[in-house]
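# Descriptive structure summary
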Amino acid sequence: MKLRLAPKETKFFEMFAQMCSNLQDGARELQALLRDMKDIQGGVQRIKEIEHRGDDMTHDIITRLNQTFITPFDREDIHKLASSIDDVLDYINAACDRILMYRITKVEPAAGELAGIIARQSDALAIAVKLLGQEKNVIDYCVEINRLENEADVVARKAIGELFDRERDPIALIKHKELYEVLENATDKAEDAANVVESVVVKGA
Amino acid sequence: MKLRLAPKETKFFEMFAQMCSNLQDGARELQALLRDMKDIQGGVQRIKEIEHRGDDMTHDIITRLNQTFITPFDREDIHKLASSIDDVLDYINAACDRILMYRITKVEPAAGELAGIIARQSDALAIAVKLLGQEKNVIDYCVEINRLENEADVVARKAIGELFDRERDPIALIKHKELYEVLENATDKAEDAANVVESVVVKGA
Amino acid sequence: MKLRLAPKETKFFEMFAQMCSNLQDGARELQALLRDMKDIQGGVQRIKEIEHRGDDMTHDIITRLNQTFITPFDREDIHKLASSIDDVLDYINAACDRILMYRITKVEPAAGELAGIIARQSDALAIAVKLLGQEKNVIDYCVEINRLENEADVVARKAIGELFDRERDPIALIKHKELYEVLENATDKAEDAANVVESVVVKGA
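Thresholds applied
- Residues numbered from 1 in each chain as written.
- Chains lettered and ligands numbered in written order.
- Predicted model: local features only at pLDDT ≥ 70, side-chain atom pairs only at ≥ 80, totals over all residues.
- Helix = DSSP H or I, 4+ residues; strand = E, 2+ residues; numbered from the N terminus.
- Buried ≥ 20, exposed ≤ 12 C-beta atoms within 10 Å, placed from the backbone.
- Contact = placed C-beta atoms within 7 Å.
- Nonpolar A, V, L, I, M, F, W, Y, C, P; charged D, E, K, R; others polar.
- Axes fitted to C-alpha atoms, helices over the stretch in contact; angles between N-to-C directions.
- Parallel < 35°, antiparallel > 145°, perpendicular 65-115°, else oblique.
- Left-handed = near helix turned anticlockwise from the far one by under 90°.
- Least-squares fit on C-alpha atoms with pLDDT ≥ 70 in both.
- Expected span 1.5 Å × (residues − 1).
- pLDDT = per-residue confidence, 0-100.

### Overview of the overall build of chain A
Within chain A, the secondary structure is distributed over six helices and zero strands. Each helix and strand of chain A, placed in order from N terminus to C terminus, yields the pattern α-α-α-α-α-α. Sorting the 205 residues of chain A into buried and exposed places 45% on the buried side. Within chain A, residue pairs in contact and separated by at least 24 positions form 84% of the contacts whose partners lie at least 6 positions apart.

Rendered as structure tokens:
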């Protein structure tokens with residue numbers, strides 16, 4: 001793939017790299033939070049700040065997109081990629097909202113495992129987006145993000161199945177079921193982002 | 001922004017104005033219904049009729065779009081704007097379905113508050129769409145719609161948190177939690193509509 | 001509508017016909033499964049295989065799309081149609097996941113009824129897609145798919161309403177409510193597919 005970027009157009013790659021780096025921060029914070037549930041207040045606070053920064057970055061990239069005539073790849077794909085990365089962070093933030101709203105103070109290891117998968121997807125996405133700007137093969141990382149989504153599916157289904165087997169308090173069941181679903185949704189959105197990256201590569205091939 | 005409309009193209013603006021006006025009717029009806037839950041039968045009936053009219057309007061605008069070569073703004077944006085306005089009304093209607101299906105006869109003030117936010121978003125959207133046709137600045141109204149969505153988020157999260165603190169009957173909890181979520185979804189869709197309007201303005205700037 | 005297809009472009013119609021045929025298989029299997037819940041293991045296994053095949057077909061059509069310059073109808077519509085058909089099958093598969101995860105061994109007749117509606121939508125969609133390639137009027141089938149979605153809405157709302165009236169075990173209620181919702185979501189996605197087909201016809205008229 002040869003993108004032949006004019007200097008100004010490289011700005012989009014820089015902006016996506018920043019978005020991915022911010023997403024990685026958010027995923028790491030969530031993983032740390034769900035690992036031990038020790039500093040809930042602080043962890044949630046830091047994720048909220050990261051999510052706000054992500055919102056600003058998404059807004060900036062879409063504003064620039066709307067004002068730019070020539071883009072390094074399809075406008076539609078730039079829009080979709082930015083939205084998907086933003087969605088992953090939204091679900092990371094949504095997991096925090098559930099913890100606060102439902103006053104969750106303890107979680108099963110599966111919750112931390114799911115956060116770990118989101119973190120690994122974010123790492124792979126960061127590399128894929130970086131390589132995209134440097135015209136190298138990125139498909140391997142997209143495949144890996146898809147594989148991780150399948151892994152998250154299995155982990156979430158198993159965790160929810162066990163929850164229904166074990167938990168006799170329906171209100172506690174509702175809370176933890178929803179936390180798993182929100183985490184699993186985050187991995188779906190990372191897959192969406194990977195699919196956009198893959199289609200950009202295929203189109204440019 | 002200069003749109004330089006041919007006479008025929010102004011039709012889209014008229015159609016969007018109609019859609020917004022219909023949405024305002026629906027939002028007001030919902031607000032009145034949730035305020036006192038007195039005339040449930042009548043209120044739901046009126047909202048169902050408004051929702052049907054909205055469906056027809058959406059269908060008309062998309063049919064016209066598919067048959068029109070030159071449009072006053074991006075085809076994709078016309079499609080998205082019509083769909084988002086339709087979605088808000090769908091969620092207003094979905095709130096009514098929950099009331100009927102779950103035989104809800106009493107709601108907390110937060111439900112009426114959320115309906116009030118939807119109504120204010122609909123008002124702002126109606127103005128934004130009107131100004132769009134008249135080539136005036138509409139961003140302020142879009143920003144307001146986004147602010148209202150954030151306000152709805154806070155109201156819904158607080159209401160659901162209190163529900164989990166207070167409600168010991170899990171089945172009642174499920175019913176009211178879902179009503180709040182449906183109302184909050186309506187405000188998300190209004191935000192989607194505002195984002196389309198904003199992007200139309202930015203592109204035309 | 002005159003599509004004037006070059007030989008190679010007819011490939012997309014063949015691929016869509018295959019996707020629809022695979023979807024029909026999945027819908028029939030689900031209907032058989034929910035009718036008597038006798039061979040759960042075997043039925044779920046067969047649906048999972050069909051869903052995997054569907055994933056491959058979707059991937060192939062999108063890869064081909066990204067590598068093809070001239071398409072028989074709008075690229076965006078090809079993408080949306082493939083995604084919607086894939087989504088119907090995803091929800092059929094999601095219904096199986098709920099059955100396994102929640103250890104559901106008995107369902108109400110309404111569940112089988114919903115699967116029957118999905119099967120009839122799949123049949124209509126298969127015909128609509130076939131006629132699309134042969135340049136004949138397909139709108140009737142699209143209208144029928146929309147009508148079936150409304151029918152599914154009514155069936156699902158009634159079934160969920162009765163569930164809340166009857167079921168005193170909140171955990172059983174959560175399980176069956178979600179199964180109905182997943183089935184109803186499948187019919188929404190079939191409607192999405194029909195709407196794409198309809199818009200292709202209208203644009204080409």
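Once you've had a look at it, read on.
### Quick word on the interface of chain C and chain A
Counting residues at the interface gives eight residues for chain C, matched by nine residues for chain A. For the side of chain C that touches chain A, the secondary-structure elements that each account for two or more residues are α2 (40-67), α3 (75-101) and α6 (170-204) of chain C. Tallying contributions element by element places α2 of chain C first for the side of chain C that touches chain A, with three residues. Of the residues in the side of chain C that touches chain A, the class split is four nonpolar, three polar and one charged.

### Overview of the interface of chain A and chain B
Taken together, the eight residues of chain A in the interface contact nine residues of chain B. Where the side of chain A that touches chain B is concerned, the elements lending two or more residues are α2 (40-67), α3 (75-101) and α6 (170-204) of chain A. Top contributing element to the side of chain A that touches chain B by residue count: α2 of chain A, with three residues. A per-class count over the side of chain A that touches chain B returns four nonpolar, three polar and one charged.

### Quick word on the packing of helix α4 (residues 109-133) of chain C against α6 of chain C
Residue and element names in this part refer to chain C. One can describe the packing of α4 onto α6 by two numbers: an axis separation of 10 Å at closest approach and a directional angle of 15°. The orientation of α4 relative to α6 falls into the category roughly parallel. The hand of the α4/α6 crossing is left-handed. Side by side, α4 and α6 meet where Ala111, Leu114, Ala115, Ile117, Ile118, Gln121, Ser122, Leu125, Ala128, Val129 and Leu132 of the first sit next to Leu179, Tyr180, Leu183, Glu184, Ala186, Thr187, Ala190, Ala193, Ala194, Val197 and Val200 of the second. Across the contact of α4 with α6, the residue classes tally to 18 nonpolar, three polar and one charged.

### Details of the environment of Asp60 of chain B
All names here are of chain B. Looking at the secondary structure, you find Asp60 in helix α2 (residues 40-67). For Asp60, a count of 14 C-beta atoms within 10 Å translates into the label partly exposed. When the C-alpha positions of Asp60 and Asp39 are compared, they lie 32 Å apart, and in sequence the two are 21 residues distant.

### So, the relation of the copies chain A and chain B
Under the fitted operation, chain A is carried onto chain B by 0.0 Å of movement along the axis and a turn of 120°, and the coordinates agree to an RMSD of 0.0 Å. Such a turn and shift between the copies fits a three-fold axis. Scanning chain A for the C-alpha nearest the rotation axis identifies Pro170 of chain A, at a separation of 3.7 Å. A different interface surface on each copy is seen, since only 12% of the contact residues of chain A are contact residues in chain B too.

### Notes on the relation of the copies chain C and chain A
If you rotate chain C by 120° and push it 0.0 Å along the axis, it lands on chain A with an RMSD of 0.0 Å. Take the interface residues of chain C: only 12% of them recur as interface residues in chain A, which is what a contact between different surfaces looks like.

### A closer look at α2 of chain B
Residue and element names in this part refer to chain B. Between its first and last C-alpha atoms α2 spans 41 Å; for 28 residues at 1.5 Å apiece the expected length is 40 Å, and the two agree. Taken together, the buried positions of α2 are occupied by Gly43, Ile47, Ile50, Gly54, Met57, Thr58 and Ile61. Where α2 is buried, its residues meet α1 (10-36) and α3 (75-101).

### Quick notes on the confidence of the model for chain A
Overall, the prediction assigns chain A a mean pLDDT of 93, with 94% of residues at 70 or greater. What the predictor reports for the complex is a pTM of 0.93 with an ipTM of 0.90.

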